[in-house]
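If you want the building blocks of each chain, they are given just below.
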Amino acid sequence: MEIMIPVWAQSTAVQVNNKQLTDLRNSRIALLDDNLDEPFTSHLEKLLSKIHGVIVERLVKPLGSAPSPKTLIEQAAKAEVAIVGIGL
Amino acid sequence: MQAADSFIIDDYDQAIELFYERGWTDGLPVVLPTRRLVDEMLASCGRDRHESLGAIPPEGGKATIEKLAINAVMGGCRPEHFPVVLAAIQASLAPEHNLNGVLQTTHMCSPLVIVNGPISRELKFNSRDGVFGNGYRSNAAVGRAVRLAFWNLGRAFPWGTDKSTMSHPSEYAFCIAEEEEDNPWEPLHVERGCPPGSDAVTVFACEGPHSVFCYGTPDEMLYVLADSMCSLGSNNLHLGGGQILVILNPLNAEEFAKRGWSKEEVRRYLWEHARRRLSDIRACGVVVTQFHEQFPAGLRYDVQNSKTRVPVTSRPEDIHIVVAGGRSYFAAVLPGWGGPGGLAVTAQIKRPLT
């Protein structure tokens, strides 16, 4: 019998990753603020910048539960590293 | 047809197991989507198999008519169920429903499909006793077809991007019909702008039904409903705003109507009385208080006054009232996701031209 496949084939495109950081100091990190936990995100920002010398670019999502707007994703992509999610 | 869209296998048991191995099922066995069954479904709906209703989040698999037909067969649908599935998918992809968030939130909400119109009786959807339960093919098959489409095209899996920490069995199937005959009021879809006599589905992301012992005079019924709607811990209170669903059984609705209450008056009363003091909500802790203040759209009251009584939704119209279930002393409340979305969306069912 012929069975039809319920999913789409997975993308086989090769994703090119940024070079891994060897030192946090003076690196540029995009911190995506999902607008759900402002104190926790601010604490992380402070740890990165004050203790590890990171240049943090904080990008605020309009709504934590919806996908980031394209412009925000493009902005995050310009950094060396992007933190795209934090957990409580 | 491209070879990658199908495969040949002769052993039934092996085929069932293959669906498990490849992660194409939700944990239950499926009806095998043979080419014959899928083609029969596609032929019945009269739509282009390549037409897409949109991208199912989070992975963004295209919801083509063909892929939806495959998943509908797997869920146990007959061709006559397919237009209901298509309308449910269309509604769930509306931006205000925020399916991306609904399928990945830590909360336990899930899109409930509510069927209205003559198609409900024609296809024997259950709208009466045991409305949320088992035993009815249409409720089960349409509900499961929708969830399998989310599973296979959106691919938000538990321990993956589906972050629901509790979830509930609605992730297998969650579909009811409104009781329209034993109902003194306008049905949900007409209230939401569809013509009387038309067929429609409404999707709303909510928790499972919370039982409410609801019997007696309108005052008595309203008292217990209002109290049940605003229990602490509900996202509607803590994540300000959103929507909530109240299911009244036909006897409840009849009692209200006999004493002159319209649905709108019941809704208004519940909005005025389903409230908690701000101090009660704040007593629940820092996190929820902080969430609450993150959604200022819902805060239409004095936040400096701890005696302020916070409504369960921002507006009366965010309380949905549906008549369903057995004539008895039980109603149900289904809290929503709160401020982040999962809002109710209604789509008309497009029957194929005959």
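Being a predicted model, the structure only gives us computed values, none of them experimental.

## Quick look at the overall build of chain A
- When you go through chain A residue by residue, the secondary structure sums to two helices and four strands.
- Along the chain direction, N to C, the helices and strands of chain A fall in the order β-β-α-β-α-β.
- Taking the principal axes of the C-alpha coordinates as reference, chain A spans close to 65 × 30 × 25 Å.
- Relative to its 88 residues, chain A shows a buried fraction of 14%.
- Counted over contacts in chain A with a minimum sequence separation of 6, partners at least 24 positions apart contribute 77%.

## Some points on the overall build of chain B
- Within chain B one finds 14 helices and 13 strands.
- In terms of C-alpha radius of gyration, chain B reaches 21 Å, essentially the compact-globule figure of 20 Å for 354 residues.
- Principal axes of the C-alpha set define a box for chain B whose edges measure 65 × 45 × 30 Å.
- Taking all 354 residues of chain B together, the buried fraction comes to 49%.

## Quick notes on the sheet that holds strand β4 (residues 110-116) of chain B
All names here are of chain B.
- One open sheet accounts for four strands, arranged β5-β4-β6-β13; its pairing is mixed. For this open sheet the edge positions go to β5 (175-177) and β13 (345-348), each flanked by a neighbour on one side alone. Each neighbouring strand pair of the sheet contributes to a mean axis angle of 25°, computed without reference to strand direction.
- In this sheet, strand β6 (residues 200-206) lies alongside β4 in antiparallel orientation, the contact comprising seven bridges. Paired with L112 across the bridge in β6 is F204.
- Contacts from helix α4 (residues 82-92) reach β4, β6 and β13, with the element oriented near 50° to β6.
- Helix α7 (residues 137-154) contacts β4 and β5 of the sheet and is inclined by roughly 135° relative to β5.

## Remarks on the domain arrangement of chain B
All names here are of chain B.
- The domain architecture assigned to chain B consists of domain 1 (1-207 + 340-354) and domain 2 (209-335).
- For domain 1 versus domain 2, the separation of C-alpha centres amounts to 28 Å.
- Counting residues at the interface gives 23 residues for domain 1, matched by 18 residues for domain 2.
- Of all elements in the fold, only β4 and β6 reach the threshold of two or more residues within the side of domain 1 that touches domain 2.

## Considerations on the interface of chain A and chain B
- Taken together, the contact pairs 15 residues of chain A with 28 residues of chain B.
- Split into classes, the residues belonging to the side of chain A that touches chain B amount to 11 nonpolar, three polar and one charged.
- Where strand β1 (residues 2-4) of chain A lies against strand β1 (residues 6-8) of chain B, three bridges are found, and the strand directions are antiparallel. Residue pairing for β1 of chain B: M4 of chain A is matched across the bridge by S6 of chain B.

## Section: the nonpolar core
- Membership of the largest hydrophobic core comes to 100 residues, with the highest contact counts inside it found for V85, A88, V113, V142, A149, V201 and V246 of chain B.
- It is α7 of chain B that provides the largest number of residues to this core, a total of nine residues.
- Two domains each donate at least three residues to this core, and these are domain 1 (1-207 + 340-354) and domain 2 (209-335) of chain B.
- Other than its neighbours up to four places away in sequence, V85 of chain B contacts L68, A72, C77, V142, A145 and V146 of chain B.
- Counting residues in each nonpolar core, the second largest holds seven residues, with A30, L31, L32 and V54 of chain A among its members.

## Structural notes on the sheet that holds strand β8 (residues 244-248) of chain B
Residues and elements named next belong to chain B.
- In space, the four strands of this open sheet follow the order β7-β12-β8-β11, with mixed pairing throughout. Sheet topology places β7 (210-213) and β11 (319-323) at the edges, where each strand pairs with a single neighbour. For this sheet, the mean angle separating the axes of adjacent strands, direction not counted, is 25°.
- Strand direction decides the pairing type here: β8 and strand β12 (residues 330-335), joined by four bridges, are antiparallel. Bridge assignment links I247 to a residue of β12, and that residue is A332.
- Helix-sheet contacts for helix α9 (residues 218-229) involve β7, β8 and β12, and the interaxial angle to β7 is about 155°.

## What to know about the confidence of the model for chain A
- On average, residues of chain A carry a pLDDT of 88, and 94% of them reach 70 or more.
- Mean pLDDT values for the elements of chain A range from 91 in helix α1 (residues 38-51) of chain A up to 98 in β1 of chain A.

## So, the packing of α9 of chain B against helix α12 (residues 263-273) of chain B
All names here are of chain B.
- Close contact between α9 and α12 brings their axes to 9 Å; oriented N to C, the two are set at 55°. As summarised for this structure, α9 and α12 are arranged oblique, according to the angle between their axes. The element α9 and its partner α12 pack so that their crossing is right-handed. Judged by residue contacts, L222, L225, A226 and M229 of α9 engage Y269, L270 and H273 from α12.
- By residue class, the composition of the contact of α9 with α12 is six nonpolar, one polar and no charged.

## A look at unusual backbone geometry
All names here are of chain B.
- Of note, the amide linkage connecting P57 to P58 takes the cis form, showing an omega dihedral of 0°.
- With respect to the element layout, P58 can be found in the loop between β2 (52-56) and β3 (61-64).
- At K124, a position not held by glycine, the phi torsion is positive, near 60°.
- When you line up the elements, K124 lands in the loop between α6 (118-122) and α7.

## A look at the pairing of strand β3 (residues 55-60) of chain A
- Strand direction decides the pairing type here: strand β2 (residues 28-33) of chain A and β3 of chain A, joined by six bridges, are parallel. The residue bridging I29 of chain A from the neighbouring strand is V56 of chain A, located in β3 of chain A.

Each value, and the rule that gives it
- Residues numbered from 1 in each chain as written.
- Chains lettered and ligands numbered in written order.
- Predicted model: local features only at pLDDT ≥ 70, side-chain atom pairs only at ≥ 80, totals over all residues.
- Helix = DSSP H or I, 4+ residues; strand = E, 2+ residues; numbered from the N terminus.
- Buried ≥ 20, exposed ≤ 12 C-beta atoms within 10 Å, placed from the backbone.
- Contact = placed C-beta atoms within 7 Å.
- Rg over C-alpha atoms; globule rule 2.2 N^0.38 Å.
- Pairing = 2+ DSSP bridges.
- Axes fitted to C-alpha atoms, helices over the stretch in contact; angles between N-to-C directions.
- Domains from an automatic or database assignment.
- Nonpolar A, V, L, I, M, F, W, Y, C, P; charged D, E, K, R; others polar.
- Core = buried A, V, L, I, M, F, W, Y, C linked by C-beta atoms within 7 Å.
- pLDDT = per-residue confidence, 0-100.
- Parallel < 35°, antiparallel > 145°, perpendicular 65-115°, else oblique.
- Left-handed = near helix turned anticlockwise from the far one by under 90°.

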